[in-house]
Amino acid sequence: MRALSQAALILLAALIPAGLTAAFHPQRPPWSEETLLPGEARIQTVLAWGGDVQWIDARSAKDYEAEHVPGAILLNLEDWDQLFPRFLDQWNPEKKAVVYCSSTACELSHEVAERLQKDGISPVYVLKGGWEAWKSRK
Amino acid sequence: MRTLVFLLCAFAGSAFGQLAWENPEQTFNSKPQDESVVAKYRFTNTGKESLKIENVKTSCGCTTTALTKTEYAPGESGEIEAKFVFSGRTGRQEKAITVSTSAAPQQPTILKLFVNIEEPVKIQPEIVLWRVGEQREPKTIHIAIADDSPAKIATVISDNPSVKVQITEVKPGKEYDVQVTPDNVNQPGAATLIIRTDYPRENPETKYAYARIR
């Protein structure tokens with residue numbers, strides 16, 4: 001009986017910090033992999049938009065040249081000054097801009113989307129899962 | 001009760017691993033000429049056993065890390081060097097470096113690197129857009145010079161004579177408004193606005209903004 005009450009106490013002692021961490025820690029993992037950050041869109045959503053989408057590839061020129069979403073425009077921070085005017089020449093303001101990088105782990109798509117938004121380009125979305133999501137689309 | 005205390009200590013020990021970090025979060029303020037920053041994260045193995053740093057992962061391809069060795073004896077110190085190359089990034093940046101060790105492979109430490117990248121000449125927005133057929137009204141581009149930059153705006157020129165620019169000094173030497181007006185918005189058009197500074201003297205910096213009629 002004593003062992004059981006000690007075990008319950010230990011469990012309680014562990015649950016309090018665990019609960020606080022889950023609720024307040026800035027680095028807490030999402031409850032689900034599918035959680036969308038602000039401005040993100042799932043591949044199924046973007047595909048449903050059909051031809052209403054302007055794809056923007058935020059990866060390196062090397063990755064873009066190897067393979068990219070058909071019709072995507074290359075635009076990354078490394079070569080912004082060269083690529084931005086080329087992007088403007090191809091950009092269709094009627095379409096929704098969707099930026100992607102390699103995977104969920106990369107930040108480039110969010111950085112490029114943020115810079116485009118600062119320039120007044122709207123609407124801009126980030127593809128959840130990036131190029132990996134495009135490759136594994138059904 | 002002793003069992004309880006022991007178990008709590010064991011839990012606490014495993015939750016924090018064996019590496020003690022001196023400055024797991026570091027902040028830098030870049031100068032206009034900087035292209036990168038290097039942060040050094042010093043650590044000590046405070047455990048009773050040797051440990052191995054198994055993985056060091058960065059949140060961005062722009063940040064690379066260097067580690068001289070991976071195995072550390074009890075009491076031994078080392079450091080992870082992280083280099084963040086700006087590559088066109090501006091403003092406040094936050095990069096993460098995730099370190100996994102053999103002591104707690106499932107509980108990596110997340111080191112943080114915060115950098116405030118100053119833009120010597122800030123142009124906002126970089127593009128002004130008119131839709132074909134809309135009213136022909138001027139649009140404004142704001143130029144701001146960083147406080148500690150000696151640069152001033154020398155000229156702003158449009159490469160298309162049918163898109164006119166007019167520059168106004170809002171705050172002497174520090175802030176300017178460029179009013180952009182196309183002659184005609186009834187057909188598509190484009191212009192590049194060439195913004196020349198007077199600094200550095202031997203090779204003054206040139207920035208660009210864009211006007212589009214679509």
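To be clear, the structure that these remarks concern was listed above.
Criteria and cut-off values
Residues numbered from 1 in each chain as written. Chains lettered and ligands numbered in written order. Predicted model: local features only at pLDDT ≥ 70, side-chain atom pairs only at ≥ 80, totals over all residues. Heavy atoms only, no water. Disulfide = S-S within 2.5 Å. Buried < 20%, exposed > 50% of the residue type's maximum accessible area, 1.4 Å probe, protein only. Pairing = 2+ DSSP bridges. Helix = DSSP H or I, 4+ residues; strand = E, 2+ residues; numbered from the N terminus. Axes fitted to C-alpha atoms, helices over the stretch in contact; angles between N-to-C directions. Contact = heavy atoms within 4.5 Å.

## Points about the state of the cysteines
Per the counting criterion, the structure on display carries two disulfides over all chains. What pairs with Cys101 of chain A in a disulfide is Cys106 of chain A, and their sulfur atoms sit 1.7 Å apart. Between Cys101 of chain A and Cys106 of chain A the sulfur-sulfur dihedral comes to about 95°; the bridge is accordingly right-handed. The class for Cys106 of chain A is buried, based on a relative accessible area of 15%. The partner cysteine of Cys60 of chain B in its disulfide is Cys62 of chain B, sulfur to sulfur 2.1 Å. Taking the sign of the S-S torsion, about 135° here, the bridge from Cys60 of chain B to Cys62 of chain B comes out right-handed. In this pair, the class of Cys60 of chain B matches that of Cys62 of chain B, namely buried.

## Notes on the sheet that holds strand 17 (residues 206-213) of chain B
Taken together, the four strands give an open sheet; going across it, the order is 11-17-16-13 (chain B), and neighbouring strands pair in mixed fashion. Each end of this open sheet is capped by a strand with a single partner; those strands are strand 11 (127-130) and strand 13 (153-158) of chain B. Pairwise comparison of adjacent strand axes, ignoring direction, gives a mean angle of 15° for this sheet. The sheet contact formed by strand 16 (residues 189-197) of chain B and strand 17 of chain B spans eight bridges and is antiparallel. In the sheet register, Thr192 of chain B faces strand 17 of chain B, and the bridge partner there is Tyr210 of chain B. Docked against the sheet, helix 4 (residues 80-90) of chain A engages strand 11 and strand 17 of chain B, running at close to 5° with respect to strand 17 of chain B.

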